[in-house]
Amino acid sequence: MRILLSWLSDFVTCGSAEALAERLALAGFPVEGLEEVGRLDPRIRVGRLVAVDPHPETERLWVCRVDVGDAAAITVVSGAPGLAAGHRVPVALPGSRLPDGQETRVATFAGVASAGVLCSEAELALGDDGGRVLLLSPDAVPGTPLVELDGVADTVLELEVTSNRGDCLSILGVAREVAALSGVRLRHPRPRPREVGPPAAGDVGVRVEAADLCPHYCARLVRSVNVEPSPLWLRLRLRRAGMRPVNVIVDATNHVMLERGQPLHAFDWERLAEHRIVVRRAAPGERLVTLDGVERALDPPGLVIADARGPVALAGVMGGQASEVTAATRILLLESAFFMPSAVRRTARRTGITSEAAYRFERRVDPAMVVEALDGAAALITRLAGGRTAPGIVEDPPGGWMPELPAIRLRPRRVAALLGVGVPRAQIGRRLSALGASCRPDRDALLVTPPSHRGDLQREEDLVEEVARLGGYDAIPVSLPEAPLTSGEDSRTRVAARRLRRLLTAEGLTEMVTLAFTDAQTNRLLPGFVGRRLVPLALQNPLSSETGELRRSPISGLVRALRANLGLGAGFVGAFEIGKGYGLDAQGRRQERRALAILLYGTWPPRGAERSGPPVEFGDLKGIVENVLADLGVEEPRVRWRPLGEEALLHPGKGAIIEVAGTAIGVAGALHPKIAQTCDLAEEVWLSELDFEILADYGSRRVELRSLPRFPAVTRDIAVIVDEAFPAAAILEEVRSLADDRIEAVRLFDCYRGAPIPEGKKSLAYSIAYRAADRTLTDEEVSGVHAGVLQRLRERFPLELRA
Amino acid sequence: MQEELARLREAALAEVASCGAEGELEAVRVRYLGRKGLLTQAVRGLAAVAPAERPALGALVNEAKDAVEAAIAASGERLAAERLAHRLAHERIDVTLPGRRRPRGHAHPLRLIEDEIVDVFVGMGFRVAEGPEIEDDYHNFAALNFEPDHPARDAQDTLFVAPGSDLLLRTHTSPVQIRVMRAAKPPLRVVVPGTVYRRDDLDPTHSPMFQQVEGFMVDERVSFADLKGVLVHFLRRIFGPETGVRFRPSFFPFTEPSAEADIACFRCAPTGAADPACRICRGGRWLEVLGAGMIHPNVLRAVGYDPEKVQGFAFGLGTDRIAILRYGIEDLRLFYENDLRFLAQFPS
Ligand SMILES: [Zn+2]
């Protein structure tokens with residue numbers, strides 16, 4: 001809401017703009033802007049054209065003698081059309097600084113010196129019209145600096161008005177608030193038109209057929225109007241309030257709306273069939289061309305204003321083109337009504353129209369303002385457009401409609417309980433009375449009837465807020481709650497996330513937070529792990545097709561971030577995100593599950609004096625995942641890496657399902673080449689996604705200590721030659737499965753291909769540590785166990801033992 | 001015999017003196033004092049001497065051995081010291097060569113700030129709760145006292161999912177208030193960090209996805225003054241102990257009375273005057289940081305509480321907003337674009 005200080009001052013005396021802004025901000029109306037407007041250079045003056053003659057040499061130039069208040073008239077050359085002796089116009093004397101920063105000077109046009117510039121409203125930043133010289137009011141005194149004319153210099157306060165305070169979407173409403181806050185008197189003139197001619201009722205009919213949506217409809221008839229442009233002051237007010245001036249009739253109704261909060265509409269009376277207004281619900285098949293030139297099919301339960309033929313306006317939202325006021329209009333029907341907020345909101349949402357009128361009706365207008373605004377508009381039109389207002393208001397229901405808001409019982413102890421500080425009853429009464437409420441005592445409480453414009457005051461708590469607001473929130477003390485001393489607690493998932501964040505950053509990975517949206521194709525190609533069985537979930541109203549679905553896997557976000565970073569020249573991307581995958585399960589229920597997603601790409605950053613580190617490989621990714629699991633207490637024997645195979649979550653031949661004690665907990669491997677292709681990636685992208693909810697469970701496990709060994713271990717190595725496809729872990733698992741408690745540990749320490757190992761084969765070397773808990777093992781005993789191990793491996797696998 | 005001893009002694013001492021390395025000293029020791037050393041054999045030679053002369057000669061032999069041994073030890077020490085001095089004088093590494101650092105990763109600023117915020121409330125006895133991001137109309141709006149056709153819904157431009165259902169992406173973390181209160185009875189102290197969504201294009205000041213932290217406390221006597229106390233404490237923990245805080249009336253359907261809290265611009269406040277060119281407050285002096293209020297009686301009723309018996313406060317703040325202020329970030333998009341050069345500026 002843009003408030004002009006000069007306009008506000010018509011209703012209330014307010015101090016400096018800054019102090020006013022502060023006061024309003026602290027009363028719940030944040031000030032989004034404070035703007036000085038129309039501060040014109042005083043060397044720009046009112047001039048009176050004494051004579052206008054054609055330039056002796058050049059066509060389309062005029063030589064004007066202009067009275068600028070000095071002893072002698074000055075000569076000004078202008079190329080603007082429509083100049084005539086007697087006009088009052090703005091003259092920028094040499095040296096004037098125009099709002100765009102330019103300075104005017106004496107110039108010579110084909111031999112005639114011009115001692116000033118006649119300005120258009122655009123040049124003075126008072127309007128859009130740059131083609132003509134701005135014509136001032138005929139009573140403007142020559143020589144007066146333009147900045148001193150009424151309404152030229154002003155200050156605009158841009159207020160944010162919350163959706164509960166529709167009553168403050170007007171100058172009067174804000175003035176009322178200022179008066180209540182600062183304890184000054186509100187000036188509230190209620191102009192009424194002088195009524196002349198035959199009564200309106202003879203020429204206008206009004207019938208409301210949908211009283212539930214429109215409890216009150218009023219009309220006035222104004223005859224003999226001249227539809228012309230509005231005077232400067234009116235155009236300035238509208239423009240600065242954010243509205244476009246149209247003509248004096250439309251501008252006058254908008255002026256009243258901005259001033260008093262009640263939207264009005266002017267119809268061309270001659271274009272209303274049978275000069276009758278019917279307020280009703282739209283009928284099936286009805287259509288209307290609205291003021292914006294759009295032909296709209298009306299939806300049947302929506303509220304319309306109709307004449308004897310059909311709809312002429314969308315009630316409270318926008319008028320129709322056919323009955324619009326034009327330059328030819330002579331007789332007006334002015335409408336002022338109370339439309340129910342829900343009815344207007346429905347139409348506005350259906351049509352997508354956002355109008356100043358709809359905005360106010362949706363937030364509830366003041367029923368007491370319906371007639372006052374109608375009278376004000378008729379009076380203003382009579383003054384500005386020479387109209388003659390017909391006697392009487394034609395309305396339905398006859399006699400008007402004025403609902404009384406229900407009284408609310410306010411207990412001072414409720415005020416004290418909610419605010420934490422007591423406010424004496426008398427003071428509560430004074431504060432609420434300042435807002436226009438009527439208060440009367442009711443035992444130890446107050447019965448409060450809100451004023452008609454405060455429909456938002458419905459409950460005791462609403463009044464408590466008003467009491468606090470008028471006293472200022474600063475007046476409420478700062479205390480700490482009295483509560484039993486109990487410890488707070490972070491959630492299990494967040495505790496695990498914080499722990500993994502430390503671990504993964506120490507592994508060299510950077511945490512990312514990516515948008516949860518993706519496009520349909522990526523969502524199909526990148527199912528990830530936690531969302532692999534979910535049906536992708538589309539948004540009904542996405543911002544774009546690229547963000548049309550909720551991702552099934554946070555991997556999609558990491559891959560997008562990878563591309564962005566490669567575009568910025570990154571050579572190594574190591575990233576992780578703890579984020580969700582979303583979708584619908586087989587039963588159609590919404591699912592969202594947290595995952596830990598990891599991405600590795602490129603070559604590791606250099607360690608020490610080297611150009612770069614080694615290229616990232618699967619082992620790096622696996623090592624990180626193993627560390628994650630180990631940190632959560634899940635060590636190797638319980639973890640299995642099973643080749644992905646047919647489950648094409650990633651590259652089918654370069655990926656694994658990770659199982660812990662038989663349960664799949666995630667995947668790791670290379671990005672599917674089909675996606676890698678669409679992304680222009682030169683190298684393999686290594687990805688992992690783990691089910692975070694399962695990880696978080698592991699994290700809550702307790703540490704179990706083992707006693708330290710007291711006897712020495714003996715180590716024996718085994719080297720075997722196997723086929724290339726033979727999984728290295730098979731031997732580890734086999735040795736462990738022997739479950740001999742003298743076998744302490746087994747690990748792979750070498751994997752070798754090349755001479756003298758034949759093509760298609762590889763050599764694997766393992767070392768086995770033997771140890772007993774209660775004695776030192778003898779050489780013979782170790783040899784015996786080791787021989788058993790070798791025997792077992794020879795039996796189970798097609799392998800060749802190397803010496 | 002005596003002359004022979006004296007000659008051996010002199011020869012040994014001379015050899016010791018001429019040794020230039022510890023290895024040579026050892027050779028001298030072996031030659032004279034070893035099992036078959038010349039002085040050792042001299043002792044054996046005593047057997048051939050007349051018994052009366054033996055004590056005197058024996059003393060002479062021992063004296064000679066002691067002298068040689070002492071000389072060897074002294075010389076050994078000197079040589080070791082020389083060798084060390086030589087090493088110290090010549091052994092050098094280039095300590096300016098780069099370290100073999102393991103790459104260091106970084107935590108995301110939004111997560112760092114979220115943890116910081118949550119920690120302050122956990123320190124005040126709040127328990128963390130979380131809730132789904134795909135919500136329904138009831139939890140996101142209806143139970144929070146948003147009337148079906150109220151313009152208050154406009155301010156929360158909603159992304160809807162799954163045509164035909166009433167599912168939506170939660171526009172705030174407040175639905176978790178409803179979920180927690182329906183499941184538990186007061187007294188409650190709960191803090192809710194989470195991701196929320198609005199139908200806004202990503203630009204310097206908007207994002208379709210952002211982070212909030214919600215908090216609420218319900219008990220028999222929790223008041224607006226307590227709300228002020230808790231939030232002032234929180235804001236001073238986050239922005240510094242001297243931070244100016246003010247509360248202004250505002251409107252939210254789910255609180256009454258409602259408030260917004262501002263902090264004094266930490267760049268301008270210390271200087272006393274607002275700077276119109278200030279990058280942080282643009283001359284406004286105050287920075288809006290959160291919304292709050294006393295939980296609306298309709299909300300309490302919706303979860304089955306009696307507003308005459310229990311009351312409480314709730315607040316919500318934008319994690320992104322706090323991070324922007326704390327780190328002096330001017331473009332919200334930086335949080336979601338994940339440019340590693342940006343992220344690398346944060347600790348791990
Ligand atoms: Zn500042």
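Residues numbered from 1 in each chain as written. Chains lettered and ligands numbered in written order. Predicted model: local features only at pLDDT ≥ 70, side-chain atom pairs only at ≥ 80, totals over all residues. Heavy atoms only, no water.

## A look at the overall build of chain B
A tally of helices and strands in chain B yields 12 helices and nine strands. Reported as C-alpha extents along the three principal axes, the dimensions of chain B are approximately 135 × 50 × 50 Å. Counting every position in chain B, which comprises 348 residues, the buried fraction comes to 54%. Relative to all contacts within chain B whose residues are 6 or more apart in sequence, the contacts with residues 24 or more apart total 68%. Surface accessibility of chain B: about 15,700 Å² in total, with carbon and sulfur atoms responsible for 53%. (Helix = DSSP H or I, 4+ residues; strand = E, 2+ residues; numbered from the N terminus. Buried < 20%, exposed > 50% of the residue type's maximum accessible area, 1.4 Å probe, protein only. Contact = heavy atoms within 4.5 Å. Areas by Shrake-Rupley, 256 points an atom, 1.4 Å probe, with all protein chains shown as cover.)

## Details of the overall build of chain A
For chain A, the helix and strand inventory stands at 19 helices and 39 strands. Dimensions of chain A, computed from C-alpha atoms along their principal axes, come out at roughly 130 × 85 × 60 Å. When each of the 803 residues of chain A is scored for burial, the buried share is 53%. Put simply, of all contacts in chain A between residues at least 6 apart along the chain, 69% involve residues at least 24 apart. Considering chain A, the positive charge centre built from 100 side chains and the negative charge centre built from 105 side chains are found 3 Å apart. (Lys, Arg positive; Asp, Glu negative; His and termini not counted. Charge placed at Lys NZ, Arg CZ, Asp CG, Glu CD.)

## Quick notes on the packing of helix H2 (residues 22-33) of chain B against helix H3 (residues 38-45) of chain B
Residue and element names in this part refer to chain B. Orientation of H2 relative to H3, taken along the N-to-C sense of each, is 10°, at an axis distance of 4 Å. Between H2 and H3, the angle is such that the two are roughly parallel. Here H2 contributes Arg-31, Tyr-32 and Leu-33 to the contact with H3, which in turn contributes Leu-38, Leu-39 and Thr-40. When the residues that make up the contact of H2 with H3 are grouped by side-chain class, the tally is four nonpolar, one polar and one charged. (Axes fitted to C-alpha atoms, helices over the stretch in contact; angles between N-to-C directions. Parallel < 35°, antiparallel > 145°, perpendicular 65-115°, else oblique. Nonpolar A, V, L, I, M, F, W, Y, C, P; charged D, E, K, R; others polar.)

## Observations regarding the sheet that holds strand S25 (residues 445-449) of chain A
Residue and element names in this part refer to chain A. One open sheet holds the three strands; their spatial order is S23-S25-S24, and the pairing between them is antiparallel. For this open sheet the edge positions go to strand S23 (408-410) and strand S24 (438-442), each flanked by a neighbour on one side alone. Direction aside, neighbouring strands of the sheet carry axes that sit 30° apart on average. Pairing of S24 with S25, which is carried by five bridges, proceeds in the antiparallel orientation. Paired with Cys-439 across the strands is Val-448, a residue of S25. Of the strands in this sheet, S23 and S25 touch helix H11 (residues 460-471), which is tilted by about 55° from S23. (Pairing = 2+ DSSP bridges.)

## Here we look at the coordination of the zinc ion
Ideal geometry at a metal centre: 109.5 degrees between donors when four sit tetrahedrally, and 90 or 180 degrees when six sit octahedrally. All names here are of chain B. Protein-derived coordination of the zinc ion comes from Cys-265 (SG), Cys-268 (SG), Cys-278 (SG) and Cys-281 (SG), at a distance range of 2.2 to 2.3 Å. Because the angles between the four donor atoms bound to the zinc ion fall within 105 to 117°, the donor set is best described as tetrahedral. Using a relative accessible area of 4% as the deciding quantity, one classes Cys-268 as buried. (Donors = N, O, S within 2.8 Å, 3.2 Å for Na, K, Ca; no water. Tetrahedral: all angles 85-135°; square planar, octahedral: opposite > 155°, others 65-115°.)

## As for unusual backbone geometry
Look at the link from Ala-755 of chain A to Pro-756 of chain A: it is a cis peptide, with omega at 0°. As for its position among the elements, Pro-756 of chain A is in the loop between strand S37 (743-752) and strand S38 (761-770). The omega torsion across Glu-256 of chain B and Pro-257 of chain B is -5°, close enough to zero to call that bond cis. Note on placement: Pro-257 of chain B falls in strand S7 (residues 255-264). The phi dihedral of Ala-661 of chain A falls on the positive side, at around 50°, and the residue is not glycine. By the secondary structure assignment, Ala-661 of chain A is in the loop between strand S33 (655-660) and strand S34 (663-670). Non-glycine residue Ala-739 of chain A carries a positive phi angle of around 55°. Secondary-structure assignment places Ala-739 of chain A in the loop between helix H18 (729-737) and S37. For Ala-739 of chain A, a relative accessible area of 64% puts it in the exposed group.

## Remarks on the pattern of salt bridges
Scanning the entire structure with this criterion turns up 95 salt bridges over all chains. One salt bridge in this structure joins Arg-593 of chain A and Asp-691 of chain A, with 2.7 Å as the shortest N-O distance. Remark: Asp-691 of chain A occurs in strand S35 (residues 686-691) and Arg-593 of chain A occurs in strand S31 (residues 590-602); sequence separation between them is 98 residues. Residue Arg-593 of chain A is classed as partly exposed on the basis of its relative accessible area of 34%. Taken together, the shared-partner salt bridges in this structure form one network comprising Asp-490, Arg-494, Arg-498, Arg-501 and Glu-511 of chain A together with Arg-111, Glu-114, Asp-115 and Asp-119 of chain B. (Salt bridge = Lys/Arg side-chain N within 4 Å of Asp/Glu carboxyl O.)

## Some thoughts on the side chain of Thr-389 of chain A
All names here are of chain A. Relative to the assigned elements, Thr-389 resides in strand S21 (residues 388-389). In this structure the side chain of Thr-389 is engaged in a polar contact, spanning 3.1 Å, whose partner is the side chain of Thr-382. With near-sequence residues (within four places) excluded, Thr-389 lies in contact with Pro-193, Arg-194, Glu-195, Val-196, Arg-220, Leu-221, Val-222, Ala-378 and Thr-382. (Polar contact = N/O pair within 3.5 Å; in protein donor to acceptor, adjacent residues only side chain to side chain.)

## Details of the pairing of strand S11 (residues 205-208) of chain A
Residues and elements named next belong to chain A. Here S11 shows one buried face, formed by Val-206 and Val-208, and one open face, formed by Gly-205 and Arg-207. Direction of pairing for S11 relative to strand S14 (residues 276-281): parallel, over a ladder of four bridges. Note on S14: the bridge partner recorded for Val-206 is Ile-277.

## A word on the domain arrangement of chain B
Partitioning chain B into domains gives domain 1 (2-90) and domain 2 (109-343). If you average the C-alpha positions of domain 1 of chain B and of domain 2 of chain B, the two centres end up 91 Å apart. (Domains from an automatic or database assignment.)

## Quick word on the packing of aromatic side chains
To describe a pair of aromatic rings, you give the distance between the ring centres and the angle between the ring planes. For the structure on display, the rule yields 19 aromatic pairs over all chains. The interplanar angle of 25° and the centroid separation of 4.9 Å between the aromatic rings of Phe-121 of chain B and Phe-315 of chain B together place this pair among those described as stacked. Pair noted here: Phe-121 of chain B is in helix H5 (residues 109-123) and Phe-315 of chain B is in strand S9 (residues 311-318), with a separation of 194 residues, a long-range link. For Phe-121 of chain B, a relative accessible area of 0% gives the class buried. For Phe-315 of chain B, a relative accessible area of 2% translates into the label buried. Judged by centre distance (5.0 Å) and plane angle (70°), the ring pair of Phe-141 of chain B and Phe-146 of chain B falls under edge-to-face. Following the ring pairs from residue to residue traces out a cluster consisting of Phe-121, Phe-126, Phe-234, Phe-313 and Phe-315 of chain B. The ring of Tyr-359 of chain A has Arg-363 of chain A lying over it, and the distance from NZ or CZ to the ring centre is 3.7 Å. We note Arg-532 of chain A situated over the ring of Phe-529 of chain A; from NZ or CZ to the ring centre the distance is 3.9 Å. (Phe/Tyr/Trp six-rings, centres within 6.5 Å; stacked < 30°, edge-to-face > 60°. Lys NZ or Arg CZ within 6 Å of the ring centre and 35° of its normal.)

## Regarding the nonpolar core
A general trend in soluble globular proteins is that nonpolar side chains are found buried together. Counting residues in each nonpolar core, the largest one holds 123 residues, and the members touching the most others are Leu-550 of chain A together with Phe-121 of chain B. With 10 residues, helix H8 (residues 224-239) of chain B is the single largest residue contributor to this core. Counting residues in each nonpolar core, the second largest holds 98 residues, with Ala-179, Cys-218, Phe-339 and Ala-373 of chain A among its members. (Core = buried A, V, L, I, M, F, W, Y, C linked by side-chain atoms within 4.5 Å.)

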